[in-house]
Amino acid sequence: MRPATSIAMMVAGLLLGLFSRAAGQTDEDLLGLSLEEILNIPVTSVSKTEKPVLENAVMAMVVSREEIREAGYRDLLDILRDLPGVYVVDLTSSEHAASEVLIRGIEANTKMLFLLDGQRISAPTGEPFTFLRNIPLVSVRQVEVTYGPAASLYGADAIGGIVNIVTETNEDTAPTEVWFGTGTSQTYEAQARHRVQLGDKATLHLTGGFFSSQQEDLGDAYPKTFGEFEVDPSLQSHSLHAKLEAGALEASYLRLFGSRNNGIGFQPSLYDYSGNSTWDLVTDIYTAGWRHETDGAWSGRAAVEHYRNELEPTSTYSYDFSGSQEFEDHSFYWKGESTHLSSEVQWQRGPVTWLSGGLMEWFQSIPKTDVDYPLGSYDIHYRNVGAFSQIEATPTSWFHATAGVRFDNDSRFDEQWNPRVAALIHPMSGLRLHASWGTAYLAPAPHKMYERWGVIEEGEYVHLPNPELAPEVSETFQLGVDWFPSDRSRLVLSGFRTVAEDLWRIEFRGPIEIDGVNVVHQTNANVAESTIQGAHVSGTYNVWNRGSFFGHYTLTDGTQTAADGEGTVDLNHMPRQSYLLGAEWSGHRNLIRLVARGFDHVVSNEANTELAGAKLDGVWTTDLFAERRLGTGWDVRVGVDVRNVFDKSYSKISKFDEFFFSLPTTPQPRRSVSVFLRGSF
């Protein structure tokens, strides 16, 4: 029997069993609650004040613990992939690690802020956020996603929005939870959390995760392109998170490590895809905070954080850069460290809440360095001072307004002022209208300001540092409607427009003499602009508290400065249109979830698929998740997760706005199957 036939029969059998047992089951915990009540979960990261997500004037979404379990999400990338306005390109390149994430046409790896319990886990020195399946969700209570600029509260990098991962503090959950899985491509993964009670007032939360996979054999999947090369796209990651809660004191430690082959996404003739070619990244974050509550209107918080992000020197790969010169066993390196002191104070009385705070940050950065190439290295020290203030008012039950501004002074560039205003109108039960406007900026990372590479030969060129690089800046306006037509249905519509200026591009600056040789000088410079607009609509309909139908549609369009600096070209970071349709059915012991995703502007690779370079106006992939709860005294479940059920082989558009070059034939993963066991004790 062919493997594909065996998989299909196994999946069909599991689905049949689940459907036959799910009929007649209900979820007693949800009976009597409307969809609006279920979804109106308190969040803190949108405005740094806790309030139900539906009562925030700025558009936000929250994915709860229950949704994470029911959807089978295992890491942050799984959640982002299902959100409206989000597009994920897998198997990409270099600093963007295994996946490139775009939100409303903005590249989230560098232009969106990622938080863990309100503290930054994005690199403060500007290196891209790397998605390496190293943030397990087994201990996560909810994930909060804010669309649009958030620099008025969080400062640099919050151009596209913020993602806040909130870990468990609820002692009503079981003290221990584990998750084990294995599947195709020699994939093995595990996640576990454990809560330890230390006396009457202290609790220690421990979480760990491990992932190892050979991923897809590109030589088999794309033989015309990769068949002649030794391809090893293996990926490994692990994480450790320890969080201590002791009254008003909170302290935590987070370690993330990931290792992957560095060549995926580029032309194999230019890169070494062997197992010796790796990109090893380690992150350590230490945080301590103290909260002060009073019986009156005042409360406050102070925190200290130390962050270290390093591309380990063991990361090596060889490549033929632009066909100019072959570098053997090159080693690339970066290191960023920061110490962050902050304090906040909040005053709340009646319908008015005032929040203000300040911070001081010290940074050290060894920018991205080719340690084998004799163009010098840098050790950069700088600092940032910031202060913000925000006021929220609810003068009537149907109107809420927010206004805030933040000031930052960085020792490398000019001062930055970033305001944000937003309003929410609640004219009738189940209907909310919101609008917001704000600005944001991306601080130039030292590894961009001091980036250099090239070939010192007559007629060739070098890429030299630009310490005068200024921040990228943006302005975003968004409107939205959130409507609950009935207790079981929801419809969300949001439109947006972003104008970005001073974007970084490679600029040619004519010949320069280096070691007596005339070579062309080029550097990163603020020479580009981009305009992005679009809309997305999403809907949910619950069926008798046992199932639901859901989906969303996103339209993204815009223009950007052409590569030669003359005129503009159409935005092609992501498909102009994307779709998601899904259905979920759950019972007392069983759950099944089917999701189909569609894209347009998808072009197959001419050399590596049966589609032979055909331009596809629409490509659909389908994922299946199903599980059954075992009849034991503990909450133990087994299941199967199938990605790309019908085994589509194609290439998505991948275009890095940061570098302005296009990789239109980035290969995408084919079908994968994993089985898992998880339990709470």
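Residues numbered from 1 in each chain as written. Predicted model: local features only at pLDDT ≥ 70, side-chain atom pairs only at ≥ 80, totals over all residues. Heavy atoms only, no water.

Moving on, we get to the packing of aromatic side chains. Taken as a whole and assessed by the stated rule, the structure comprises 14 aromatic pairs. Aromatic pair Trp634 and Phe681: ring centres 5.1 Å apart, planes at 85°, arrangement edge-to-face. Remark: Phe681 occurs in the segment after strand 42 (672-680) and Trp634 occurs in the loop between strand 36 (619-629) and strand 37 (635-643); sequence separation between them is 47 residues. In this structure Trp634 comes out as exposed when scored by relative accessible area, which is 53%. Each residue in the set Trp179, Phe625 and Phe676 is aromatic and connected to the rest through ring pairs, giving one cluster. Note that Arg412 overlies the ring of Tyr382, its terminal NZ or CZ placed 3.9 Å from the centroid. (Phe/Tyr/Trp six-rings, centres within 6.5 Å; stacked < 30°, edge-to-face > 60°. Helix = DSSP H or I, 4+ residues; strand = E, 2+ residues; numbered from the N terminus. Buried < 20%, exposed > 50% of the residue type's maximum accessible area, 1.4 Å probe, protein only. Lys NZ or Arg CZ within 6 Å of the ring centre and 35° of its normal.)

Turning to a nonpolar patch on the surface, a few remarks are in order. On the surface, Trp398, Ile425, Leu433, Val481, Trp483, Leu491 and Leu493 cluster together into a nonpolar patch covering about 580 Å² of accessible area. If you list the elements that add at least two residues to the nonpolar patch, you get strand 27 (472-486) and strand 28 (489-514). As for its placement among the helices and strands, Leu493 is situated in strand 28. With relative accessibility at 43%, the residue Leu493 sits in the partly exposed group. (Patch = residues over 30% accessible without salt bridge, like charges linked within 9 Å, V, L, I, M, F, W, Y side chains within 5 Å. Areas by Shrake-Rupley, 256 points an atom, 1.4 Å probe, with all protein chains shown as cover. Salt bridge = Lys/Arg side-chain N within 4 Å of Asp/Glu carboxyl O.)

Let us now look at the side chain of Glu337. Among the structural elements, Glu337 can be located in strand 19 (residues 325-349). According to the relative accessible area criterion, Glu337 is buried, its value standing at 17%. A polar side-chain atom of Glu337 sits 3.3 Å from a polar atom in the side chain of His306. Ignoring anything within four residues of it in the chain, the contact list for Glu337 reads Thr125, His306, Tyr307, Arg308, Trp362, Phe363 and Gln364. (Polar contact = N/O pair within 3.5 Å; in protein donor to acceptor, adjacent residues only side chain to side chain. Contact = heavy atoms within 4.5 Å.)

Turning to the environment of His521, a few remarks are in order. On the secondary structure map, His521 appears in strand 29 (residues 517-543). With near-sequence residues (within four places) excluded, His521 lies in contact with Val462, Leu464, Glu507, Phe508, Arg509, Gly510, Pro511 and Ile512.

The strand order across the open sheet formed by five strands is 3-9-10-7-8, and the pairing between neighbours is mixed. Here the strands that pair on one side only, and so sit at the sheet edges, are strand 3 (60-64) and strand 8 (119-120). Direction of pairing for strand 7 (residues 113-116) relative to strand 8: antiparallel, over a ladder of two bridges. From the neighbouring strand, Leu115 faces strand 8, where its bridge partner is Arg120. (Pairing = 2+ DSSP bridges.)

Peptide bonds are mostly trans, and most non-glycine residues show a negative phi. Even without being a glycine, Lys48 presents a positive backbone phi close to 65°. Checked against the element boundaries, Lys48 lands in the loop between strand 1 (42-43) and strand 2 (51-52). Judged by its relative accessible area of 21%, Lys48 is partly exposed. In the Ramachandran plot, Arg104 falls in the positive-phi region, its phi being about 55° despite a non-glycine side chain. The topology assignment puts Arg104 in the loop between strand 5 (99-103) and strand 6 (106-107).

This paragraph deals with the sheet that holds strand 5. Taken in spatial order, the three strands of this open sheet run 4-5-6, and their pairing is antiparallel. Here the strands that pair on one side only, and so sit at the sheet edges, are strand 4 (86-90) and strand 6. Of the strand pairs in this sheet, strand 4 and strand 5 are connected by five bridges, and their pairing is antiparallel. Paired with Asp90 across the strands is Ser99, a residue of strand 5.

Tallied over the full model, the rule gives 37 salt bridges. For Glu344, the salt bridge identified is with Lys48, shortest N-O distance 3.0 Å. Within this pair, whereas Glu344 is found in strand 19, its partner Lys48 is found in the loop between strand 1 and strand 2, the two being separated by 296 residues in sequence. Asp157 is the salt-bridge partner of Arg120, the closest N and O atoms lying 3.1 Å from each other. Of this pair, Arg120 sits in strand 8 while Asp157 is found in the loop between helix 6 (151-154) and strand 10 (161-167), placing the two residues 37 residues apart along the sequence. On the basis of relative accessible area, Arg120 is assigned to the buried category, the value being 14%. Of the residues examined, Asp157 reaches a relative accessible area of 5% and is grouped as buried. The structure contains a network of salt bridges with shared partners spanning Arg74, Asp75, Asp78, Arg133, Glu189, Asp641 and Arg643.

Moving on, we come to the pairing of strand 15 (residues 249-261). Remember that side chains alternate between the two faces of the sheet whenever the strand is regular. Pairing of strand 14 (residues 235-246) with strand 15, which is carried by twelve bridges, proceeds in the antiparallel orientation. Bridge assignment links Ala246 to a residue of strand 15, and that residue is Leu249. Here strand 14 hands over to strand 15 after two residues, with Gly247 in that stretch at a positive phi of 65°.

If you look at the biggest cluster of nonpolar residues, it comprises 36 residues, and the most contacted ones within it are Leu80, Val101, Phe114 and Ile121. Ignoring sequence-local partners within four residues, the contact set of Phe114 consists of Leu76, Leu80, Ala108, Gln119, Arg120, Ile121, Ser122, Phe129, Phe131 and Val163. Ranked by size, the runner-up nonpolar core spans 15 residues in total, among them Ala151, Ile380, Tyr382 and Tyr450. (Core = buried A, V, L, I, M, F, W, Y, C linked by side-chain atoms within 4.5 Å.)

Within the element layout of this structure, Gly534 appears in strand 29. The spatial distance from the C-alpha of Gly534 to the C-alpha of Gln577 is 9.6 Å, given a sequence separation of 43 residues. Leaving out residues up to four positions away in the same chain, Gly534 has contacts with Ser494, Gly495, Phe496, Leu555 and Thr556.

This brings us to the confidence of the model for the protein chain. Of the residues in the protein chain, 82% have a pLDDT of 70 or more, and the chain-wide mean is 83. Strand 22 (residues 399-410) holds the highest mean pLDDT among the elements of the protein chain, 97, whereas helix 1 (residues 3-22) holds the lowest, 37. Counting contacts from residues 321-328, a segment whose pLDDT is below 50, to residues more than four positions away or on other chains yields 19 contacts. Under a pLDDT of 50 for its full length, residues 656-664 has, in the predicted model, 41 contacts with residues more than four places off or in other chains. (pLDDT = per-residue confidence, 0-100.)

Turning next to the side chain of Thr173. Topologically, Thr173 is positioned in the loop between strand 10 and strand 11 (176-183). Excluding residues within four positions of it along the chain, Thr173 makes contact with Arg65, Glu168, Arg193 and Arg195.

Most of strand 5 is tucked away, with five of its five residues classed as buried. Examined bridge by bridge, strand 5 and strand 6 share two bridges and lie antiparallel to one another. Each bridged residue has a counterpart across the sheet, and for Leu102 the counterpart in strand 6 is Glu107. The antiparallel hairpin formed by strand 5 and strand 6 contains two residues in its connecting segment, where Arg104 sits at a positive phi of about 55°.

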